[in-house]
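Spelled out, the chains give:
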Amino acid sequence: MTRRVDLRSDTVTQPTPAMRDAMANAPVGDDGYAEDPTVNALEERFAQIVGKDAAVFVPSGVMANQIAVRVLTRPGDLIVAGRGQHVVSFEMGASARNSSVQFATLDDTNGALELSDVLDVIEAEGDHQPHVAMVAVENTHMPSGGTPWDVAALRALAQAIGGRPLYLDGARLFNAVVATGTSAQDFCAPATLVMTCLSKGLCAPVGSLLAGPAHMMEAARVERKRLGGAMRQAGILAAAGLVALDTMIDRLGEDHRRARQLAEAFSAAFPESNYDPATCRTNIVAFNHPRARQVVDELVLRGVEGGTVAPRRVRFVTHAGVSDDDVAYAVEVLRDFRPSAT
Ligand SMILES: *Cc1c(COP(=O)(O)O)cnc(C)c1O
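Just so it is clear, the structure is predicted and the values come from calculations on it, not from any experiment.

The rules we used
Residues numbered from 1 in each chain as written. Predicted model: local features only at pLDDT ≥ 70, side-chain atom pairs only at ≥ 80, totals over all residues. Heavy atoms only, no water. Pairing = 2+ DSSP bridges. Helix = DSSP H or I, 4+ residues; strand = E, 2+ residues; numbered from the N terminus. Axes fitted to C-alpha atoms, helices over the stretch in contact; angles between N-to-C directions. Contact = heavy atoms within 4.5 Å. Near = heavy atom within 4 Å. Polar contact = N/O pair within 3.5 Å; in protein donor to acceptor, adjacent residues only side chain to side chain. Areas by Shrake-Rupley, 256 points an atom, 1.4 Å probe, with all protein chains shown as cover. Left-handed = near helix turned anticlockwise from the far one by under 90°. Nonpolar A, V, L, I, M, F, W, Y, C, P; charged D, E, K, R; others polar. Expected span 1.5 Å × (residues − 1). Buried < 20%, exposed > 50% of the residue type's maximum accessible area, 1.4 Å probe, protein only.

(A) Highlighting the sheet that holds strand β9 (residues 284-288). As summarised here, the arrangement of the 3 strands in space is β9-β12-β11, forming an open sheet in which the pairing is antiparallel. Because the sheet does not close on itself, it has two edges, and the strands there are β9 and β11 (307-310). With direction set aside, neighbouring strand axes in the sheet form an average angle of 30°. Relative to strand β12 (residues 313-317), β9 runs antiparallel, the two being bridged by 5 bridges. Counterpart to asparagine 288 in the pairing with β12 is arginine 313. Sitting on the sheet, helix α12 (residues 252-269) touches β9 and β12, and the angle it makes with β9 is about 25°. Docked against the sheet, helix α13 (residues 292-301) engages β11 and β12, running at close to 165° with respect to β11.

Here it is, written out as C-alpha coordinates:
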(Lines give C-alpha, C1' and ligand atoms only; values in the text may rest on other atoms or scores of the structure.)
Protein backbone atom coordinates (compact mmCIF):
# COMPACT_ATOMS: atom_id res chain seq x y z
CA MET A 1 0.00 0.00 0.00
CA THR A 2 1.30 3.42 -0.89
CA ARG A 3 1.77 5.78 1.98
CA ARG A 4 -0.50 8.81 1.98
CA VAL A 5 0.68 12.27 3.02
CA ASP A 6 -2.32 14.58 3.02
CA LEU A 7 -1.15 18.07 2.08
CA ARG A 8 -4.46 19.22 0.58
CA SER A 9 -5.31 21.69 3.33
CA ASP A 10 -4.91 22.51 7.01
CA THR A 11 -8.68 22.06 7.26
CA VAL A 12 -8.18 18.27 7.39
CA THR A 13 -6.78 18.54 10.93
CA GLN A 14 -8.39 16.45 13.68
CA PRO A 15 -9.40 17.73 17.12
CA THR A 16 -6.82 16.78 19.77
CA PRO A 17 -7.59 14.49 22.75
CA ALA A 18 -7.54 17.60 25.00
CA MET A 19 -10.19 19.16 22.76
CA ARG A 20 -12.40 16.08 22.93
CA ASP A 21 -12.10 16.09 26.74
CA ALA A 22 -12.94 19.78 26.93
CA MET A 23 -15.90 19.27 24.59
CA ALA A 24 -17.27 16.40 26.67
CA ASN A 25 -17.06 18.41 29.86
CA ALA A 26 -17.96 21.93 28.68
CA PRO A 27 -20.61 23.82 30.64
CA VAL A 28 -23.19 24.96 28.09
CA GLY A 29 -26.36 27.03 27.85
CA ASP A 30 -28.53 28.67 25.21
CA ASP A 31 -26.30 31.10 23.34
CA GLY A 32 -29.47 32.71 21.96
CA TYR A 33 -29.85 34.13 25.49
CA ALA A 34 -26.07 34.73 25.79
CA GLU A 35 -26.14 31.99 28.43
CA ASP A 36 -23.47 29.66 27.15
CA PRO A 37 -20.53 30.23 29.50
CA THR A 38 -18.07 28.45 27.23
CA VAL A 39 -19.05 30.49 24.16
CA ASN A 40 -18.87 33.66 26.24
CA ALA A 41 -15.40 32.70 27.49
CA LEU A 42 -14.17 31.99 23.96
CA GLU A 43 -15.50 35.28 22.60
CA GLU A 44 -13.91 37.20 25.47
CA ARG A 45 -10.61 35.40 25.08
CA PHE A 46 -10.39 36.14 21.37
CA ALA A 47 -11.44 39.78 21.78
CA GLN A 48 -8.67 40.19 24.32
CA ILE A 49 -6.04 38.44 22.17
CA VAL A 50 -6.75 40.70 19.19
CA GLY A 51 -7.35 43.84 21.26
CA LYS A 52 -10.98 44.47 20.29
CA ASP A 53 -14.07 45.26 22.42
CA ALA A 54 -16.00 42.11 21.63
CA ALA A 55 -16.17 39.00 19.46
CA VAL A 56 -18.80 36.70 17.97
CA PHE A 57 -18.42 32.93 17.52
CA VAL A 58 -19.64 31.78 14.11
CA PRO A 59 -19.81 28.40 12.35
CA SER A 60 -17.30 29.15 9.58
CA GLY A 61 -14.77 31.59 8.20
CA VAL A 62 -16.98 32.26 5.21
CA MET A 63 -19.79 33.30 7.53
CA ALA A 64 -17.42 35.59 9.44
CA ASN A 65 -16.44 37.26 6.17
CA GLN A 66 -20.06 37.51 5.03
CA ILE A 67 -21.17 39.03 8.32
CA ALA A 68 -18.34 41.56 8.14
CA VAL A 69 -19.40 42.55 4.63
CA ARG A 70 -23.01 42.97 5.74
CA VAL A 71 -22.00 45.07 8.74
CA LEU A 72 -19.61 47.33 6.84
CA THR A 73 -21.38 47.91 3.50
CA ARG A 74 -24.65 48.99 1.88
CA PRO A 75 -26.01 47.44 -1.34
CA GLY A 76 -24.23 48.91 -4.35
CA ASP A 77 -21.03 49.65 -2.47
CA LEU A 78 -17.57 48.70 -3.65
CA ILE A 79 -15.10 46.60 -1.65
CA VAL A 80 -11.42 46.93 -2.50
CA ALA A 81 -9.63 43.58 -2.18
CA GLY A 82 -6.94 41.42 -3.73
CA ARG A 83 -7.99 39.30 -6.70
CA GLY A 84 -7.03 36.02 -5.04
CA GLN A 85 -8.49 36.67 -1.62
CA HIS A 86 -10.97 34.22 -0.15
CA VAL A 87 -13.78 36.76 0.14
CA VAL A 88 -13.41 37.53 -3.58
CA SER A 89 -12.62 34.18 -5.18
CA PHE A 90 -13.50 31.29 -2.87
CA GLU A 91 -16.99 32.07 -1.51
CA MET A 92 -19.19 31.30 -4.51
CA GLY A 93 -20.04 34.94 -5.08
CA ALA A 94 -21.50 35.18 -1.57
CA SER A 95 -20.86 38.90 -1.13
CA ALA A 96 -22.88 39.68 -4.26
CA ARG A 97 -25.62 37.29 -3.25
CA ASN A 98 -25.82 38.28 0.42
CA SER A 99 -24.94 41.96 0.37
CA SER A 100 -25.37 43.17 -3.24
CA VAL A 101 -21.89 44.63 -3.33
CA GLN A 102 -19.16 44.64 -5.98
CA PHE A 103 -15.42 44.16 -5.71
CA ALA A 104 -12.68 46.32 -7.14
CA THR A 105 -10.01 43.65 -7.38
CA LEU A 106 -6.33 44.50 -7.23
CA ASP A 107 -3.17 42.57 -7.98
CA ASP A 108 -2.18 40.52 -4.92
CA THR A 109 0.31 38.16 -6.52
CA ASN A 110 2.77 38.70 -3.68
CA GLY A 111 0.18 38.76 -0.89
CA ALA A 112 -0.07 42.46 -0.09
CA LEU A 113 -2.01 45.22 -1.85
CA GLU A 114 -0.20 48.20 -3.35
CA LEU A 115 -1.21 51.33 -1.48
CA SER A 116 -1.33 53.36 -4.70
CA ASP A 117 -3.70 50.81 -6.30
CA VAL A 118 -6.06 51.11 -3.33
CA LEU A 119 -5.96 54.90 -3.38
CA ASP A 120 -6.69 54.95 -7.13
CA VAL A 121 -9.96 53.08 -6.56
CA ILE A 122 -10.96 55.45 -3.79
CA GLU A 123 -10.04 58.50 -5.86
CA ALA A 124 -12.20 57.17 -8.71
CA GLU A 125 -15.29 57.83 -6.59
CA GLY A 126 -14.87 61.32 -8.01
CA ASP A 127 -15.20 59.86 -11.53
CA HIS A 128 -18.74 58.50 -11.07
CA GLN A 129 -17.60 55.21 -9.50
CA PRO A 130 -19.39 53.50 -6.58
CA HIS A 131 -18.69 54.33 -2.97
CA VAL A 132 -15.75 52.38 -1.53
CA ALA A 133 -17.18 51.07 1.73
CA MET A 134 -14.22 49.00 2.90
CA VAL A 135 -10.82 47.61 2.07
CA ALA A 136 -10.26 43.90 2.75
CA VAL A 137 -6.89 42.22 3.23
CA GLU A 138 -5.89 38.64 4.01
CA ASN A 139 -3.19 37.72 6.56
CA THR A 140 -1.67 35.30 5.88
CA HIS A 141 -2.56 35.58 2.22
CA MET A 142 -3.37 32.08 1.00
CA PRO A 143 -2.97 32.05 -2.82
CA SER A 144 0.45 33.71 -2.78
CA GLY A 145 1.68 30.89 -0.54
CA GLY A 146 0.61 31.87 2.99
CA THR A 147 2.36 35.22 2.89
CA PRO A 148 2.24 37.27 6.10
CA TRP A 149 1.65 41.00 5.85
CA ASP A 150 4.25 43.42 7.08
CA VAL A 151 2.59 45.24 9.98
CA ALA A 152 4.07 48.59 8.92
CA ALA A 153 2.42 48.20 5.50
CA LEU A 154 -0.91 47.41 7.16
CA ARG A 155 -0.64 50.50 9.34
CA ALA A 156 0.24 52.64 6.33
CA LEU A 157 -2.77 51.26 4.46
CA ALA A 158 -5.17 51.95 7.35
CA GLN A 159 -3.77 55.45 7.71
CA ALA A 160 -4.03 56.20 4.01
CA ILE A 161 -7.67 55.15 3.67
CA GLY A 162 -8.64 57.50 6.46
CA GLY A 163 -11.94 56.76 8.17
CA ARG A 164 -12.82 53.88 5.88
CA PRO A 165 -12.98 50.45 7.51
CA LEU A 166 -10.12 48.03 6.97
CA TYR A 167 -11.21 44.41 7.22
CA LEU A 168 -8.70 41.73 8.13
CA ASP A 169 -9.47 38.19 6.99
CA GLY A 170 -7.13 36.52 9.44
CA ALA A 171 -8.22 32.93 8.79
CA ARG A 172 -4.52 32.15 9.37
CA LEU A 173 -3.72 35.18 11.55
CA PHE A 174 -1.80 33.06 14.05
CA ASN A 175 0.41 31.65 11.33
CA ALA A 176 1.33 35.26 10.56
CA VAL A 177 1.94 35.95 14.26
CA VAL A 178 4.23 32.94 14.67
CA ALA A 179 6.11 33.61 11.40
CA THR A 180 6.77 37.30 11.99
CA GLY A 181 6.86 37.75 15.77
CA THR A 182 4.31 40.58 15.36
CA SER A 183 1.60 40.17 18.01
CA ALA A 184 -2.02 39.50 17.11
CA GLN A 185 -2.92 42.82 18.74
CA ASP A 186 -0.43 44.71 16.62
CA PHE A 187 -1.64 43.03 13.42
CA CYS A 188 -5.27 43.78 14.30
CA ALA A 189 -4.92 47.34 15.59
CA PRO A 190 -5.10 48.90 12.09
CA ALA A 191 -8.21 46.84 11.24
CA THR A 192 -11.80 47.70 12.13
CA LEU A 193 -12.94 44.07 12.15
CA VAL A 194 -10.89 40.89 12.17
CA MET A 195 -11.73 37.22 11.84
CA THR A 196 -9.82 34.03 12.43
CA CYS A 197 -10.49 30.34 11.83
CA LEU A 198 -10.16 27.86 14.69
CA SER A 199 -10.62 24.91 12.36
CA LYS A 200 -7.47 25.17 10.24
CA GLY A 201 -3.96 24.97 11.68
CA LEU A 202 -5.33 25.29 15.22
CA CYS A 203 -7.13 21.93 14.81
CA ALA A 204 -10.53 22.75 16.33
CA PRO A 205 -13.31 20.81 14.58
CA VAL A 206 -15.59 23.77 13.81
CA GLY A 207 -15.74 27.51 14.16
CA SER A 208 -14.42 30.97 13.49
CA LEU A 209 -14.43 34.24 15.40
CA LEU A 210 -15.17 37.79 14.31
CA ALA A 211 -14.04 40.68 16.52
CA GLY A 212 -14.41 44.46 16.56
CA PRO A 213 -16.09 47.41 18.27
CA ALA A 214 -19.03 46.55 20.57
CA HIS A 215 -21.70 48.24 18.46
CA MET A 216 -20.53 46.41 15.33
CA MET A 217 -20.53 43.10 17.16
CA GLU A 218 -24.17 43.73 18.11
CA ALA A 219 -24.91 44.26 14.43
CA ALA A 220 -22.86 41.13 13.67
CA ARG A 221 -25.11 39.05 15.97
CA VAL A 222 -28.14 40.23 13.99
CA GLU A 223 -26.47 39.36 10.68
CA ARG A 224 -25.38 35.98 12.03
CA LYS A 225 -29.01 35.26 12.86
CA ARG A 226 -30.14 36.40 9.40
CA LEU A 227 -27.64 34.05 7.78
CA GLY A 228 -28.86 31.18 9.93
CA GLY A 229 -25.67 30.97 11.95
CA ALA A 230 -26.98 31.57 15.48
CA MET A 231 -26.35 28.46 17.55
CA ARG A 232 -27.62 27.12 20.88
CA GLN A 233 -25.45 24.97 23.17
CA ALA A 234 -22.45 25.85 21.04
CA GLY A 235 -20.14 25.66 24.05
CA ILE A 236 -19.50 22.07 22.95
CA LEU A 237 -17.67 23.59 19.97
CA ALA A 238 -16.32 26.66 21.74
CA ALA A 239 -14.61 24.39 24.28
CA ALA A 240 -12.39 23.03 21.51
CA GLY A 241 -11.79 26.59 20.35
CA LEU A 242 -10.49 27.60 23.78
CA VAL A 243 -8.05 24.68 23.75
CA ALA A 244 -7.01 25.77 20.24
CA LEU A 245 -6.24 29.35 21.33
CA ASP A 246 -4.56 28.23 24.55
CA THR A 247 -2.37 25.42 23.29
CA MET A 248 -2.19 25.19 19.51
CA ILE A 249 -0.67 28.49 18.38
CA ASP A 250 3.00 27.96 19.18
CA ARG A 251 3.18 24.64 17.39
CA LEU A 252 2.37 26.34 14.06
CA GLY A 253 6.10 27.00 13.83
CA GLU A 254 6.60 23.28 13.19
CA ASP A 255 4.22 23.43 10.24
CA HIS A 256 6.21 26.36 8.88
CA ARG A 257 9.53 24.55 9.23
CA ARG A 258 8.14 21.50 7.44
CA ALA A 259 6.55 23.59 4.69
CA ARG A 260 9.93 25.20 4.02
CA GLN A 261 11.55 21.76 3.68
CA LEU A 262 8.86 20.81 1.19
CA ALA A 263 9.28 24.13 -0.61
CA GLU A 264 12.98 23.36 -1.16
CA ALA A 265 12.10 19.92 -2.55
CA PHE A 266 9.36 21.27 -4.84
CA SER A 267 11.62 24.03 -6.06
CA ALA A 268 14.32 21.49 -6.98
CA ALA A 269 11.80 19.11 -8.60
CA PHE A 270 10.18 21.79 -10.78
CA PRO A 271 12.86 24.16 -12.06
CA GLU A 272 10.39 25.16 -14.81
CA SER A 273 8.29 26.85 -12.09
CA ASN A 274 11.01 29.28 -10.94
CA TYR A 275 9.65 28.83 -7.44
CA ASP A 276 11.70 30.56 -4.75
CA PRO A 277 11.39 28.45 -1.57
CA ALA A 278 12.32 31.48 0.53
CA THR A 279 8.87 32.91 -0.27
CA CYS A 280 7.40 30.05 1.80
CA ARG A 281 7.22 31.68 5.22
CA THR A 282 4.29 29.86 6.82
CA ASN A 283 2.53 26.56 6.10
CA ILE A 284 1.63 26.86 2.41
CA VAL A 285 3.69 25.83 -0.61
CA ALA A 286 2.10 27.34 -3.75
CA PHE A 287 3.62 27.88 -7.17
CA ASN A 288 2.69 27.99 -10.83
CA HIS A 289 3.19 25.05 -13.13
CA PRO A 290 1.99 24.81 -16.76
CA ARG A 291 0.55 21.34 -16.03
CA ALA A 292 -0.56 21.87 -12.46
CA ARG A 293 -3.48 19.45 -12.51
CA GLN A 294 -1.37 16.69 -14.01
CA VAL A 295 1.34 17.25 -11.40
CA VAL A 296 -1.22 16.95 -8.62
CA ASP A 297 -2.82 13.84 -10.14
CA GLU A 298 0.51 12.06 -10.59
CA LEU A 299 1.80 12.93 -7.13
CA VAL A 300 -1.37 11.53 -5.56
CA LEU A 301 -0.54 8.17 -7.16
CA ARG A 302 2.76 8.27 -5.26
CA GLY A 303 1.03 9.15 -1.99
CA VAL A 304 1.68 12.89 -1.94
CA GLU A 305 -1.69 14.58 -1.96
CA GLY A 306 -2.08 18.27 -2.81
CA GLY A 307 -4.43 20.40 -4.86
CA THR A 308 -4.77 23.29 -7.27
CA VAL A 309 -6.09 26.74 -6.33
CA ALA A 310 -6.18 28.13 -9.87
CA PRO A 311 -5.79 26.57 -13.34
CA ARG A 312 -1.99 26.55 -13.31
CA ARG A 313 -1.26 26.85 -9.61
CA VAL A 314 -0.57 23.98 -7.22
CA ARG A 315 -0.80 24.11 -3.44
CA PHE A 316 0.51 21.88 -0.67
CA VAL A 317 -0.25 22.70 2.97
CA THR A 318 1.37 21.44 6.17
CA HIS A 319 -0.58 20.98 9.40
CA ALA A 320 -0.59 19.04 12.66
CA GLY A 321 -1.30 15.78 10.83
CA VAL A 322 1.94 15.99 8.85
CA SER A 323 5.04 14.66 10.64
CA ASP A 324 8.76 14.94 9.92
CA ASP A 325 8.57 11.39 8.57
CA ASP A 326 5.79 12.40 6.19
CA VAL A 327 7.88 15.29 4.94
CA ALA A 328 10.90 13.03 4.49
CA TYR A 329 8.72 10.65 2.46
CA ALA A 330 7.39 13.48 0.27
CA VAL A 331 10.91 14.80 -0.27
CA GLU A 332 11.97 11.30 -1.33
CA VAL A 333 9.09 11.07 -3.81
CA LEU A 334 9.94 14.48 -5.25
CA ARG A 335 13.59 13.55 -5.68
CA ASP A 336 12.87 11.42 -8.73
CA PHE A 337 9.52 12.78 -9.82
CA ARG A 338 8.96 14.15 -13.30
CA PRO A 339 5.49 14.78 -14.78
CA SER A 340 4.96 12.20 -17.54
CA ALA A 341 5.02 13.41 -21.14
CA THR A 342 1.56 14.16 -22.53
C1 LIG B 1 -10.53 28.98 4.91
C2 LIG B 1 -10.59 30.44 4.71
C3 LIG B 1 -11.78 31.14 4.90
C4 LIG B 1 -13.09 30.43 5.16
O5 LIG B 1 -13.13 29.62 6.27
P6 LIG B 1 -14.15 28.38 6.33
O7 LIG B 1 -14.14 28.02 7.77
O8 LIG B 1 -13.59 27.33 5.44
O9 LIG B 1 -15.48 28.86 5.89
C10 LIG B 1 -11.75 32.50 4.75
N11 LIG B 1 -10.62 33.15 4.45
C12 LIG B 1 -9.46 32.52 4.26
C13 LIG B 1 -8.22 33.29 3.95
C14 LIG B 1 -9.39 31.14 4.37
O15 LIG B 1 -8.25 30.50 4.16
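We are not done yet, so read on.
(B) A look at the site of the ligand. Neighbouring the ligand are the residues Ser60, Gly61, Val62, Asn65, His86, Glu138, Asp169, Ala171, Arg172, Met195, Cys197 and Lys200. In the environment of the ligand, an oxygen atom lies 2.8 Å from a nitrogen or oxygen atom belonging to the backbone of valine 62. In isolation the ligand has 380 Å² of accessible area, and contact with the protein removes 85% of it. Residue assignment for the shell around the ligand shows that the elements contributing at least two residues are α3 (61-72) and β7 (193-197). In terms of residue count, the dominant contributor to the shell around the ligand is α3 (3 residues).

(C) Looking closely at the packing of helix α2 (residues 37-50) against helix α11 (residues 235-247). Relative orientation of the contacting elements α2 and α11 amounts to 30°, with a least axis distance of 8 Å. Pair α2 / α11 crosses with left-handed handedness. Two secondary-structure elements touch here, α2 through Thr38, Val39, Ala41, Leu42, Arg45, Phe46 and Ile49 and α11 through Gly235, Ala238, Ala239, Gly241, Leu242, Leu245 and Asp246. Partitioning the contact of α2 with α11 into residue classes produces 9 nonpolar, 3 polar and 2 charged.

(D) Seen up close, α11. End to end, α11 covers 18 Å across 13 residues, agreeing with the expected 18 Å (1.5 Å per residue, within 8%). The element α11 is extensively covered by neighbouring structure, given that 10 of its 13 residues are classed as buried. In the core, the buried residues of α11 are packed alongside α1 (17-25), α2, β2 (54-58), α8 (173-180) and β8 (208-212).

(E) Spotlight on the sheet that holds strand β6 (residues 166-169). On the basis of which strands lie adjacent, the open sheet formed by 7 strands has the order β2-β8-β7-β6-β5-β3-β4 and mixed pairing. Every other strand in the sheet has two partners, leaving β2 and β4 (102-106) as the edge strands with one partner each. On average, each strand axis in the sheet is inclined to that of its neighbour by 20°, with strand direction left out of account. Judged from the 3 bridges that link them, β6 and β7 form a sheet pairing that is parallel. Following the sheet pairing, aspartate 169 is matched in β7 by methionine 195. This element, α3, spans β2, β3 (78-82), β5 (132-138), β6, β7 and β8 of the sheet and lies at about 170° to β7.

Nothing here speaks to function; it is all geometry.
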